[in-house]
Amino acid sequence: MTNIDPAFLRGLTRPRLARSTASRRDVLRLMGAAGAGLALSACGVKGQGGKEKVTQTDVQKYWAGKAQTGKLNWANWPGYMEDDHSTIKAFEKATGIKVDYKEVIQEMGPWFGKIQAPLAAGQSIGFDLMVMTNGIQLEQARQLGYLAPLDQSRLKNFQANAGATFKNPSYDPGNAFTIPYESGITGIAYNTKYVKEEITSIAQLFDPKYKGRVGMMGDSQELGNFGMFLLGIDPEKSTQADWEKAAAKLREQRDKGIVRKYYNQDYVDAVSKGDVWMTMAWSGDVYSMTSPDVRFAIPKEGGTIWTDNMCIPKTASAPVDAITLMDWLYVPENNAPLTEFVNYITPVPGVKQVVAADAAKATGQEKKDLTRLSTSPLVFPTDADMQRLRHYRRLTQAEETQYQKIFEPIAKGS
Amino acid sequence: MARRSRGGASTPYLMILPSGLWMLAFFIVPIVLMVSLSLQTGNLIDGFRQTFHWQNYTDSLNTYGDKVVRSLWYGLIATVLCIALAYPAAYWIAFRGGRHKSTYLFLLLLPYFVSFVLRTVSWKLVLTDNGPILGPLRNHGILPDGFHVLDTGVAVVSGLTYNFLPFMVLPIYVALERIDERVVEAAYDLYASRAQAFARVVLPLSLPGVFAGVIMTFVPVSSDYVNAEVLGGPRNTMIGNVIQTEYFDNSAYPVASALSFALMAILLVGIFVYARSLGTQDVLEAAGR
């Protein structure tokens, strides 16, 4: 033990000035403490559980009196629209609705965090249309009643042209609140300049020889799924015990120093520059990556297929304009240019013919690009690939709390 | 001394009224709400209810206690580095700056006219493995293959030091600038060497500036999350990142509040100890002797 000067301790514990007897200040202090105590016990945060089932009356009630405003604010992810916004321009020309397009969504958790408070208070979030991935946050938004029920009678093109797998999804029965924008696959991207073998398996992400050169995703559902795939567990049928086993594996991978960083959208930059050599990645990002060295693999253990969905926040000021755009995108000719750019899986199968026809007409480099696209398994996956793909697990509120508790700390280093 | 008019007795109270109300509305009320939230249980769908669940504190500190310790370490290292960088610069400007003092100060502060986040992101571009600094060094075999700076603690602490440097420079500069040159001259008249004059006159007189600078850097640095997010890897997570995720991503308000309050308490105690052991008043007294 070191010797501490008693004068020092006295200085720390005693007031500096000679103390007068119980002063007015003490009384005030006491009153303040009592007031704080009262406040502590009084305020709680009210639950906001809304109804999940939508009836025809709900739909009618919501859409009654709503009219086209001619102006639409759209929140989307980066890289989800042509650089020159030509699809938006085509829509504006066809309908006369002006679109204000913002790439403000980077990851589902932070996005939901941002919109949750205004939506709970019934205030506008400044957007009439947003694109949300199926998963924990979309589930919460539905349950909390934050989304406008869709009027199916205004979605004629969707009914006619959407692929069978995109209708009536398990995460939104009857497309009550959402219709798909694009789908994609979570797999592995690797930079062939540094990785000298073919990547086919999730186990390679855990290979110690790539110490400090592996990127994983920070999103707890994406991360958890890969842990489960490694152990041969189907996330959709997983239990809490499975989650714990997967978390242990992921933690081991981190603690061995194999993982360099847990990314959200910024892995694209890191893998093309070579900061990481391989990383969990979304299919379309890799397809459209400028670096030709980066390749994408659907791991043999499995990959995740997810869907980004268009939905309307309940407080939108232009819901009619929003649903008009949603349906407009389901005309194959309207959707094809978008798919040609974003390179994700389109929910409109008719696009394949349009792209193939475009390819037949085109010449030179453009012909090559379009042919590559119309035959790409990343954009139009084969049945064999589809067999290996799994969906996110739907989680109840109680399960979600457990799930987050198990996987969330991993990316945070705990 | 006794000339102050009686009518002015309420003036001081009126003068603190605006800031007092401001603090009440934007500091006291949120703090009370935060303490209340930190003891509640529940979730977003079913709501949160006050249950005086003290386990929120023990649980979250058990899970994330190491992040608190790491944040305090990073804060300490960055603060010390800030003093080491800021003191000579402030000294030079205050005593050798001549009539261009304000120009030098302006130059020093120029980078800080650019957004905080943007500055941090541009560090990322500079420090990337094949970037302008590390790329050539590795290609010439000066650095080993696996060496990297980005996504390490070094990158985070460097970023923190850089981002909070002005908060150290300015108070030290102000303290040095105020020193009456005649006091230093008097020291020389009394046969003090340059080193002695600095150690026994200039340094003690500038300590209040250092003291203010330490508080103004250490507190925000320890609770920062931008630098760890942009420049750090999984081993560099700071407590600010955890609080941010828990609050905004997971809507786990009680955990986030408990962590925030615990951090605030730790910082307050730390500063209290620091102030009591090296209080400005004592420093001034020492200087006056």
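- The name given to chain B in an unreviewed UniProt entry is ABC transporter permease, and the organism recorded there is Actinomadura montaniterrae.
- Its UniProt record gives chain B a comment under Subcellular location (unreviewed entry), which states: "Cell membrane".
- Per UniProt, the comment on chain B under Sequence similarities (unreviewed entry) is "Belongs to the binding-protein-dependent transport system permease family. CysTW subfamily."

## Brief notes about the overall build of chain B
Step number 1: In terms of regular secondary structure, chain B is built from twelve helices and two strands.
Step number 2: Rg of the C-alpha trace for chain B: 24 Å, well past the compact-globule value of 19 Å for 289 residues, more than 25% over.
Step number 3: Seen through its C-alpha atoms, chain B measures out along the principal axes to roughly 75 × 75 × 30 Å.
Step number 4: The 289 residues of chain B split such that 33% are buried.
Step number 5: Sequence separation of at least 24 residues holds for 69% of the intrachain contacts in chain B that already meet a minimum separation of 6.

## What about the domain arrangement of chain A?
Residues and elements named next belong to chain A.
Step number 1: For chain A, the assigned domains read domain 1 (56-182 + 307-373) and domain 2 (184-305 + 389-411).
Step number 2: Here the C-alpha centre of domain 2 lies 27 Å away from the C-alpha centre of domain 1.
Step number 3: Among the residues making up the side of domain 1 that touches domain 2, the classes are represented as seven nonpolar, six polar and three charged.

## What to know about the UniProt feature "transmembrane region" (unreviewed entry) in chain B
Step number 1: Mapped onto the present numbering, the UniProt feature "transmembrane region" (unreviewed entry) falls at residues 12-39, 72-93, 105-126, 153-176, 197-219 and 255-275 of chain B.
Step number 2: Along residues 12-39 of chain B one finds 96% helix and 0% strand; the C-alpha atoms at either end are 38 Å apart.

## A word on helix α17 (residues 397-411) of chain A
Residue and element names in this part refer to chain A.
Step number 1: Over its 15 residues, α17 extends 21 Å from the first C-alpha to the last, a length consistent with the 21 Å expected when each residue adds 1.5 Å.
Step number 2: Along α17, the largest kink reaches about 30 degrees and is centred on Q404.
Step number 3: Those residues of α17 hidden inside the fold are in contact with α6 (136-143), α8 (220-230), α9 (240-255) and β7 (259-263).
Step number 4: G413 lies just past α17 and shows a positive phi near 80 degrees.

How each quantity is defined
- Note that residues are indexed from 1 along each chain, following the sequence as it is written.
- Labels are handed out in written order, letters beginning with A for the chains and numbers beginning with 1 for the ligands.
- This being a predicted model, a pLDDT of at least 70 is required before a residue's local features are given, and a value of 80 or more before pairs of side-chain atoms are given or counted; all residues contribute to the totals for chains, interfaces and linings.
- UniProt positions are given in the numbering used here, feature names are shortened, and annotations may be inferred rather than shown by experiment.
- Numbering of helices and strands starts at the N terminus; helices are DSSP runs of H or I of at least 4 residues and strands are runs of E of at least 2.
- Here the globule rule reads 2.2 Å times residues to the power 0.38, and the radius of gyration is calculated from C-alpha atoms.
- For every residue, the other C-beta atoms within 10 Å of its own C-beta are counted; 20 or more classify it as buried, 12 or fewer as exposed, and values in between as partly exposed. C-beta atoms are placed from the backbone.
- Remark: residues whose backbone-derived C-beta atoms lie within 7 Å of one another are considered to be in contact.
- All domain edges in this entry derive from an automatic or database-based domain assignment.
- Amino acids outside the nonpolar list (Ala, Val, Leu, Ile, Met, Phe, Trp, Tyr, Cys, Pro) and the charged list (Asp, Glu, Lys, Arg) are all regarded as polar, and Gly is one of them.
- Given a helix with a known number of residues, its expected span is that number minus one, times 1.5 Å.
- A residue's bend is given by the angle between axes fitted to the 7 residues ending at it and the 7 residues starting at it.

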